[in-house]
Structure formats: structure tokens, C-alpha cells
Amino acid sequence: MAKSSSLLFSAFFFFFFLLFAMAFVIDISHAGGEGSLTKEQCPKACDFRCSATHHRGNCIDLCNKCCEKCLCVPSGTYGHKEECPCYNNWKTKEGTPKCP
């Protein structure tokens, strides 16, 4: 009986963890393409986008500016810019990418 209870508890715990992880990833990734965010969602999306950089302040400022224009932030902390063409194609005067 104890082995059965332990197995049931393990299965329940795994299922609960899987649901929690899926909800967390969906909430913070903000993948969805151009125009998929509102201006109010930009700070949270940029906070996640810039979470792995050492230049956090600059990254967040630029990301928020890009997000407010494009209403999109690529998923992850680096790359995936093809998800947001506006974000990807906005360049500085020097021709370098404006958005982190």
C-alpha cells in the first residue's frame, strides 16, 4: 500500500510541476510575433529579455523603446529576432541593430 501511495504522489507531483512549468514559460516568453503585446506588457517582456545581460539598464531601455514601437519582444534572452521583423530590422544611424 505504501508503494502505491508513493507512486501516486510522485505522479501527482510530476503532473503539477509540468503544468506549473508550462504556465510559467508561456507567461514570460511572450512569443507570438509582431503586434502580439500591448505597451503595458513591454516592461515584463523586456525584463525577461534582458535578464541574462551584464548591461541590464541599457538593454531594458532599448528593449522597451523597441517593444513600444513594434509591440513585440523576441522569446528568450538572446536571438530569435526573426519572430519580430520590426524589432529585428530597426537599425541605428550606424546600421547596427537597435533592439537587443
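From a predicted model like this one, the values you see are computed outputs, not experimental measurements.

1. So, the overall build of the protein
Reasoning step 1: From N to C terminus, the protein includes four helices and zero strands.
Reasoning step 2: Listing every helix and strand of the protein by position from the N terminus yields α-α-α-α.
Reasoning step 3: Here the protein holds 100 residues, and the buried ones make up 26% of them.
Reasoning step 4: In the protein, once contacts between residues fewer than 6 apart in sequence are set aside, the share between residues at least 24 apart is 51%.
Reasoning step 5: Approximately 7,000 Å² of the protein is accessible, and the part contributed by carbon and sulfur atoms is 66%.

2. Some thoughts on the layout of surface pockets
Reasoning step 1: Empty space within the largest pocket amounts to approximately 210 Å³.
Reasoning step 2: Taken together, Arg-49, Cys-50, Ala-52, Thr-53, His-55, Cys-59, Thr-77, Tyr-78, Gly-79, Lys-81, Cys-99 and Pro-100 make up the full set of residues lining the largest pocket.
Reasoning step 3: A breakdown of the residues in the lining of the largest pocket according to their chemical character gives six nonpolar, four polar and two charged.

3. Observations concerning the pattern of salt bridges
Reasoning step 1: Within this structure, the stated rule accounts for one salt bridge.
Reasoning step 2: Note that Arg-56 and Asp-47 form a salt bridge whose closest N and O atoms lie 2.2 Å from each other.
Reasoning step 3: The class for Arg-56 is partly exposed, based on a relative accessible area of 32%.
Reasoning step 4: Looking at Asp-47, the relative accessible area reads 37%, which means it is partly exposed.

4. What about the packing of aromatic side chains?
Reasoning step 1: On inspection of all chains with the given rule, the structure shows zero aromatic pairs.
Reasoning step 2: If you follow Lys-69 out to its NZ or CZ, it ends over the ring of Trp-90, 4.1 Å from the centre.
Reasoning step 3: Directly above the aromatic system of Trp-90 lies the positively charged group of Lys-98, at a separation of 5.4 Å from the ring centroid.

5. Details of unusual backbone geometry
Reasoning step 1: At Leu-71, a position not held by glycine, the phi torsion is positive, near 55°.
Reasoning step 2: With respect to the helices, strands and loops of the structure, Leu-71 is situated in the loop between helix H3 (56–70) and helix H4 (85–89).
Reasoning step 3: Residue Leu-71 is classed as partly exposed on the basis of its relative accessible area, which comes to 27%.
Reasoning step 4: Phi angles above zero are rare outside glycine, and His-80 is one such case at about 60°.
Reasoning step 5: Along the polypeptide, His-80 turns up in the loop between H3 and H4.

6. What about the confidence of the model for the protein?
Reasoning step 1: In the predicted model, the protein carries a mean pLDDT of 81, and the fraction of residues at 70 or more is 68%.
Reasoning step 2: Segment residues 21–31 is flagged for pLDDT under 50; beyond a separation of four residues in sequence, or across chains, it makes 13 contacts in the model.

The rules behind the values
Residues numbered from 1 in each chain as written. Predicted model: local features only at pLDDT ≥ 70, side-chain atom pairs only at ≥ 80, totals over all residues. Heavy atoms only, no water. Helix = DSSP H or I, 4+ residues; strand = E, 2+ residues; numbered from the N terminus. Buried < 20%, exposed > 50% of the residue type's maximum accessible area, 1.4 Å probe, protein only. Contact = heavy atoms within 4.5 Å. Areas by Shrake-Rupley, 256 points an atom, 1.4 Å probe, with all protein chains shown as cover. 1 Å grid on protein atoms, 1.4 Å probe; cavity = no way out; pocket = protein on both sides within 12 Å on 5 of 7 lines; lining within 4 Å. Points joined across faces, edges and corners; volume = space filled by probe spheres on them. Nonpolar A, V, L, I, M, F, W, Y, C, P; charged D, E, K, R; others polar. Salt bridge = Lys/Arg side-chain N within 4 Å of Asp/Glu carboxyl O. Phe/Tyr/Trp six-rings, centres within 6.5 Å; stacked < 30°, edge-to-face > 60°. Lys NZ or Arg CZ within 6 Å of the ring centre and 35° of its normal. pLDDT = per-residue confidence, 0-100.

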